[in-house]
Amino acid sequence: MDLAVIALSARPLAASAARAGLSALALDLFADLDTCAHAARCVRVHKKGGLAFDGDDLIQALHSLSPPGLPVVLGRGFEQDTALMQRISERNPILGNMAQMVRVLKDPIALAALCGHLRIPFPQVSLEAPSGDLARHPLMEKTIGGLGGGHVQARAEGDLSPPAPGSYLQRKVTGETYSLVLVSTGKDVRVVGAVRQWTAPAPGAPFRLGGGAGAVPLPHGQGRDILAAVTRIALACGLVGLVSFDVICSPDGWWLLSADPRPSAALDVLDVAPLPPLLALHLAACGGKLPQALPAHAAVTATGLLYADRDVIIPAMDWPEGVHDRNAAGTLIAEGGIICSARATGPTFEAARAGVEQRLAAVRRLTGLAA
């Protein structure tokens, strides 16, 4: 066993490890068919609450299945539980950014202060009832450390109440959302690519993530300024490995929305030839090494998510080509849960996304979901 990969869904990390020729122990909340196929060993960890690790179960699994000192790469799932990161690091070295850095960058007030110091545009935020200039603008309410956009809500006009516990208010900005992925040694960076995102709105979750496609250029001639800004954050914070930054772009300007000091969901889109395996890049960067340059992507790759609009039991079926995160027949997917993802490539963003939608439509038909 070369390393362990741990995330809410470890499949992209396990797939990148396999592409790099590494033998991985994968721990996540699903242990789906694809993760099991890519990993040397794959184990499902118990959930706590809606979509979070049962920390004690995760630690027990890691201790039972890995030797002390086995390196660990962490993906999504620790933004709201950095104490669990600390518990992991006491036995297994984390190859990536530590718990303290995650706490800082997922704290909206700390990130706003950092952006102010580095002169990076960042929408005004507050943990308290809006007042002054903030009260005169449309607002969004977001969960601190929230994932996937399902936690984001637009505030009703005139609502001047404080945010819910564990949430914050942010001035609303509009435009197209992108995730820019870098690989960093803390002293130098390379650009992996930018992913343009789209939403899959649902009742109560109007900004739920639908998918993304890349590598694509950042729009409106803003790429150079955005890259310079996120590079300043990476170097000021000494970030290592794969990191990503979500930005929103419009003809009137751009704003940083969030920083993720870990491999992100964009791995699924950008970890394709002719680029080398991104997990290998991550490990090398954690050791202070970067390639002189990275090749350009040969095409646009898109990945989209299929959510259950009702409780669904996965039937015995032949999954369409290009579908990932497949669950075994008989698995219950609760309403709002993710049934699968699909990936497709094309010469443009629009063509790649259309290919994804065709594959997701096929799964809808096979599972009896609404068209």
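All figures in this text were calculated on a predicted structure; none of them were measured in a lab.

Chemist: What should I look at first to understand empty space enclosed by the protein in this one?
Modeler: Leftover empty space is mapped by rolling, across the atoms, a probe with the size of a water molecule. Per the counting criterion, the structure on display carries two cavities of 30 Å³ or more. Estimated volume of the largest cavity: approximately 140 Å³. Taken together, 16 residues make up the lining of the largest cavity; nearest its centre are Leu 74, Met 85, Val 102, Pro 261 and Arg 262. Of the residues that constitute the lining of the largest cavity, the class distribution is eight nonpolar, four polar and four charged. Put simply, the second largest cavity is a space of about 50 Å³. The element that contributes the greatest number of residues to the lining of the second largest cavity is strand S12 (residues 241–250), accounting for three residues.

Chemist: Is there a simple way to think about the environment of Leu 105 in this case?
Modeler: Positionally, Leu 105 belongs in helix H5 (residues 99–105). Relative accessible area serves as the criterion here: at 3%, Leu 105 is assigned to the buried category. Residues Leu 105 and Thr 185 lie 80 residues apart in sequence; the distance between their C-alpha atoms is 17 Å. If near-sequence neighbours (up to four positions away) are discounted, Leu 105 is found in contact with Leu 111, Leu 114, Cys 237, Leu 239, Ala 259 and Pro 261.

Chemist: Which parts of the structure should I look at to understand the layout of surface pockets?
Modeler: Empty space within the second largest pocket amounts to approximately 280 Å³. Looking at the second largest pocket, it is lined by 17 residues, and the ones nearest its centre are Ala 200, Arg 208, Leu 306, Tyr 307 and Arg 364. Looking at the lining of the second largest pocket, the elements with two or more residues in it are strand S10 (189–199), strand S14 (300–307) and helix H10 (349–367). Residue composition of the lining of the second largest pocket, by class: nine nonpolar, three polar and five charged.

Chemist: I'm lost on the packing of helix H3 (residues 55–65) against helix H4 (residues 82–89) in this one. Help?
Modeler: Packed helix pairs are specified by the crossing angle of their axes together with the interaxial distance, meaning the distance between the axes. For the pair H3 and H4, interaxial distance at closest approach is 11 Å and the crossing angle is 20 degrees. Classified by the interaxial angle, the pair formed by H3 and H4 is roughly parallel. In the packing of H3 onto H4, the handedness of the crossing is right-handed. In this structure, H3 contributes Gly 55, Asp 56, Leu 58, Ile 59 and Leu 62 to the contact, and H4 contributes Leu 84, Arg 87 and Ile 88.

The rules behind each value
Numbering of residues starts from 1 in every chain and runs along the sequence as written. Confidence filtering applies because this is a predicted model: local features only for residues at pLDDT of at least 70, side-chain atom pairs given and counted only at 80 or more, and all residues used for totals across whole chains, interfaces and linings. Side-chain figures throughout are based on the complete set of non-hydrogen atoms in the structure, without hydrogens or water. Here a cavity means grid points, on a 1 Å grid over the protein atoms only, where a 1.4 Å probe fits yet cannot get out; a pocket means an open set of points with protein on both sides within 12 Å along at least five of seven lines; lining residues are those with an atom within 4 Å of a point. Grid points are joined across faces, edges and corners, and a volume is the space filled by probe spheres set on the points. For this classification, the nonpolar set comprises Ala, Val, Leu, Ile, Met, Phe, Trp, Tyr, Cys and Pro, the charged set comprises Asp, Glu, Lys and Arg, and every other residue, Gly included, is treated as polar. A run of H or I in DSSP counts as a helix once it spans at least four residues, and a run of E counts as a strand once it spans at least two, with each numbered from the N terminus. Three labels apply to residues, based on accessible area from a 1.4 Å probe with only protein chains included: buried if under 20% of the type maximum, exposed if over 50%, partly exposed otherwise in between. Whether two residues touch is decided by their heavy atoms; if any such pair falls within 4.5 Å, the residues are in contact. An axis is simply a line fitted to the C-alpha atoms; with a helix, the fit covers only the stretch in contact. Between two such axes, the angle follows the N-to-C directions and lies from 0 to 180 degrees. Orientation labels follow simple angle bins: below 35 degrees gives roughly parallel, above 145 gives roughly antiparallel, 65 to 115 gives roughly perpendicular, and whatever is left gives oblique. Handedness of a crossing follows from how the near helix is turned relative to the far one, being left-handed for an anticlockwise turn of less than a right angle and right-handed for a clockwise one.

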